[in-house]
Amino acid sequence: MGTPSLWAVLVLTVALAGLSAPRAAHGQPNFIVVLADDVGWGDLGANWAETKETPHLDELAAEGMRFVDFHSAASTCSPSRASLLTGRLGARNGVTHNFAVTSVGGLPLNETTLAEVLREAGYSTGAIGKWHLGHHGRHHPSFRGFDYYFGIPYSHDMGCTDTPGYNLPPCPPCPRHGEAARVARKDCYTEVALPLFKNVTIVQQPVNLSSLAARYAEEAARFIRRASGSGRPFFLYLALAHMHVPLEVPPLPPASGRGIYGAALSEMDALVGRIKQVADSHGKGNTLLWFAGDNGPWAQKCELAGRLGPFLGAWQRQRGGSSAKQTTWEGGHRVPALAYWPGRIPAKRTSRALLSTLDIFPTLVALAGAALPPNRRFDGLDVSPVLFGWSDVGHKVLLHPNSGAAGKDGEIETLRLAQYKAFYTTGGAMACDGSIGPAEHHQPPLIFNLDRDIQEQEPLAMASREYQAVLPAISRAYAQALEDIATDNVSLADYSQDPAAMPCCNAQHVACRCRAPGSRAAVLDRRTGRRATRLCL
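Per an unreviewed UniProt entry, the protein chain goes by Arylsulfatase G and derives from Cochlearius cochlearius. Turning to the protein chain, the UniProt annotation filed under Subcellular location (unreviewed entry) states: "Lysosome". Per its UniProt entry, the protein chain bears the Cofactor (unreviewed entry) comment "Ca(2+)".

Right, dumping it as structure tokens:
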């Protein structure tokens, strides 16, 4: 069985000796993990009173547990998702920054995913939505433990469509035959259309973004129904397109005050509400539904970005740049999170335990009665005692890796110890006004007391008694964490790129268009992982 990280000590105790996490009444429980993209902590009404577009998520919070000190494992897409599915930081699993459309590699094949562990334990496994952990060859989700996959291989703005939705700056639709060549536009993909996969087959290219949310909801509902009818427990990983940039959705009435973003948020909320309804109708009390964000809002998208709530990163904002996505400020990695399991998780409960998406892997593995993969260490904890209301203590130390704004990607230069947060490097991502906060290195570190300064506005004075008292503990924890990673079995991701790795339904057509959905769709050979004649994988 895998050994826990030496520095990550779980102080979760249960008063009654021999008390163990409850299992579902008829065996192993079902699991649904819903991961929202670039959602802000303040985008849930249960967290932030100004938000009015999330009645279903607010109901989920009222009927389950709301986590207010919950963090993504990284502040950008691929590293965050890799950590959720492995229980290990990018410094261990090798995924330190995002994969590209032309990426040859992905999450290293020697890393074991949550889906692989659960499938071995008898689960039906499905992934629906955004993958972004490699799409070429055996990095595709169909080879990473998922019996079923339906979705797009990366972010939905990483390919052109005929229904581009909303973006800042706006991107043009895909080119067609006979159109004059376009001048390339920065941050827009105009040459290859966004593909939609069903297992290893491209079923639509370009994707129709206006119907994507409805298709995800229907596919998720179908998977739940089929899995429930099979007599086997199931694990559904639903990685939403929302809220990265809004899909093509009708604006809300002006009274809503949030326009396009508000409409997209409302659409996401309704989607989650439907999944909850379907899960309840197929064995209420037998399914754990865990909702979380992959990182904070994408501030450079201005009015198309989410709400930070109180986590402003004021110290950084005074120096330029954003303190949200890609940064190690609270707005970059503190995310909304809810857990719902009728009859198991107490209703109307708010947890202040320091938790992370890293904890999803070991917690679900324990609840399934399975074992952690051997010969590696984990950054996540089994937090089932918190879920079941037996404790409200989580991580003593939590590490926040560099995620694009400053420092080398994936390196650990920010950590949390109880209420204290120490920065050895700071920097701001691109803000709405185009500014970028310069990287600054701090030795000794900047230290904030989040209990008093949730906005991260004023670091402790280095000469103060409080700073001098906590600095030795922070220095020890930091040194132990780096040593623990250095002595672990660490993987290395392949970030090489090749245009031939782009998913392409028909390379003879402009933007790789399919002639029609389903017509001679390209298929990846499951046995070899080699690309078929009509699909560049």
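Caption draft 1: Main features of the overall build of the protein chain. Broken down by element type, the protein chain carries eleven helices and 18 strands. Out of the 537 residues in the protein chain, the part that is buried amounts to 61%. Long-range pairs, those at least 24 residues apart, make up 73% of the contacts in the protein chain with a sequence separation of at least 6.

Caption draft 2: The arrangement of the sheet that holds strand β16 (residues 412-417) in detail. In space, the four strands of this open sheet follow the order β15-β16-β17-β18, with antiparallel pairing throughout. Of all strands in the sheet, those bounded by a partner on one side alone are β15 (397-401) and β18 (440-449). The sheet shows a mean angle of 20 degrees between the axes of neighbouring strands, direction not considered. Here six bridges tie strand β17 (residues 420-426) to β18, and the two strands are oriented antiparallel to one another. Its bridge partner lying in β18, F423 is registered against L446.

Caption draft 3: Layout of the sheet that holds strand β3 (residues 65-67). If you walk across this open sheet you meet the ten strands as β8-β7-β6-β5-β9-β2-β10-β11-β3-β12, and the pairing is mixed. Across the chains shown, the open sheet's two edge strands, defined by having one partner strand only, are β8 (201-204) and β12 (349-351). Here the average twist between neighbouring strands, direction ignored, is 20 degrees. In terms of strand pairing, strand β2 (residues 30-36) meets strand β9 (residues 234-239) through five bridges, oriented parallel. What sits directly across from V33, in β9, is Y237. In this fold helix α2 (residues 77-86) packs onto β2 and β9, with an angle of close to 170 degrees to the strand it touches most, β9.

Caption draft 4: Summary view of the pairing of β2. Counting buried positions over the seven residues of β2 gives seven, a clear majority of the element. A two-sided burial pattern is seen for β2, the buried positions comprising N30, I32, V34 and A36 on one face and F31, V33 and L35 on the other. Where β2 and strand β10 (residues 287-293) come together, seven bridges link them in parallel fashion. Bridging across to β10, I32 finds its partner in L289.

Caption draft 5: Representation of the packing of helix α5 (residues 212-230) against helix α6 (residues 259-281) in the model. Packing of α5 against α6 leaves a shortest axis separation of 10 Å and a crossing angle of 15 degrees. By the angle between their axes, α5 is roughly parallel relative to α6. The two elements α5 and α6 cross, and the hand of that crossing is right-handed. Taking contact as the criterion, the partners of A213, Y216, A217, E218, A220, A221 and I224 in α5 are, on α6, E267, L271, R274, I275, V278 and A279.

Rules behind the numbers
- Residues numbered from 1 in each chain as written.
- Predicted model: local features only at pLDDT ≥ 70, side-chain atom pairs only at ≥ 80, totals over all residues.
- Heavy atoms only, no water.
- UniProt positions renumbered as here; feature names shortened; annotations may be inferred.
- Helix = DSSP H or I, 4+ residues; strand = E, 2+ residues; numbered from the N terminus.
- Buried < 20%, exposed > 50% of the residue type's maximum accessible area, 1.4 Å probe, protein only.
- Contact = heavy atoms within 4.5 Å.
- Pairing = 2+ DSSP bridges.
- Axes fitted to C-alpha atoms, helices over the stretch in contact; angles between N-to-C directions.
- Parallel < 35°, antiparallel > 145°, perpendicular 65-115°, else oblique.
- Left-handed = near helix turned anticlockwise from the far one by under 90°.

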